[in-house]
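Examination of the molecular architecture
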Amino acid sequence: MNLLRTAVLLAKKDLYSELKTKQILVTQIIFAALVIVVFSFAFDPANNTTKAVIPGVIWVIIVFAGILGLNRSFISEQRNDTMQGLLAAPMEAASIYLGKFLANFMMILVVEIISIPFLFLLFDFKFLGSLPYFLIVIFLGSFGFVAIGTFLAALAANSKSSEMLLPLLLFPITTPILIGVVQATRIILTNMEKLASALAWIQLITAYDVIFFVVCFLLIDYVLEV
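Described in the following lines is the structure provided in the data block. Because the structure is predicted, anything quoted here is derived from the model rather than measured.

1. Description of unusual backbone geometry
Although it is not a glycine, Asp124 sits at a positive phi angle of roughly 50°. One can find Asp124 in the loop between α5 (93-122) and α6 (131-156). Exposure remark for Asp124: the relative accessible area of 54% places this residue in the exposed category.

Pasting the structure below:
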């Protein structure tokens, strides 16, 4: 319970700092808007076949906007020399990971809440699928991506080329999640007759999320001590 309380306090610290500076969140939202506008010009929204690219566009936004935030989550602590203070404080290293995870997860949820309706509006997409299933897929995909990304951001933070190293580490490990969420999103948005297939993808994503979240939680002590 103390671990979770400490993690929430650290997440609040990061979110409050972000509200003051508005560096990461504004950059993420601008990037998401640019992606949507570029794709709207590249594909004719009036063409029905264009609807097939929407699941891919959703996850392009989430992944690359997420990386913008993940890259800075631990680098800011390193630059301000606050990481040593956090490690010296009477708290578990896992609480630092959980705090960073919660802050990153909340920011990517804000980006999704703003960008996905804007995407549907610009592409004149009529949502005919199941909203609860769609939200579950978005939640699970974001959860897994941010959980692994936060861990790898901590691992890459000590490197001089951390901003380049993080994507190189992140994409291969999260590929199963990304494949699963794109496939499940496509089925839920365009072909609900194959819902059983989407549920199978959701089960795969859930298992992957749980396994890697536990692994990251257990290994973060060794990563932060390096």
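2. Some points on the environment of Leu170
Within the secondary structure layout, Leu170 lies in helix α7 (residues 162-190). Sequence-wise, Leu170 and Phe151 are 19 residues apart; in three dimensions their C-alpha atoms are separated by 9.6 Å. Aside from chain neighbours lying at most four places away, what touches Leu170 is Ile67, Leu70, Phe145, Ile148, Gly149 and Leu152.

3. Things to note about the pattern of salt bridges
As enumerated under the stated definition, the model contains two salt bridges in all. A salt bridge links Asp14 to Lys13; the nearest nitrogen and oxygen atoms lie 2.8 Å apart. Close ionic contact of Asp14 with Lys100 constitutes a salt bridge, the shortest N to O distance being 3.0 Å. Here the residue Asp14 occupies a position in helix α1 (residues 2-21), and Lys100 occupies one in helix α5, the gap between them amounting to 86 residues. Residue Lys100 is classed as buried on the basis of its relative accessible area, which comes to 3%. One salt-bridge network, in which partners are shared between bridges, spans Lys13, Asp14 and Lys100.

Rules behind the numbers
Residues numbered from 1 in each chain as written. Predicted model: local features only at pLDDT ≥ 70, side-chain atom pairs only at ≥ 80, totals over all residues. Heavy atoms only, no water. Helix = DSSP H or I, 4+ residues; strand = E, 2+ residues; numbered from the N terminus. Buried < 20%, exposed > 50% of the residue type's maximum accessible area, 1.4 Å probe, protein only. Contact = heavy atoms within 4.5 Å. Salt bridge = Lys/Arg side-chain N within 4 Å of Asp/Glu carboxyl O.

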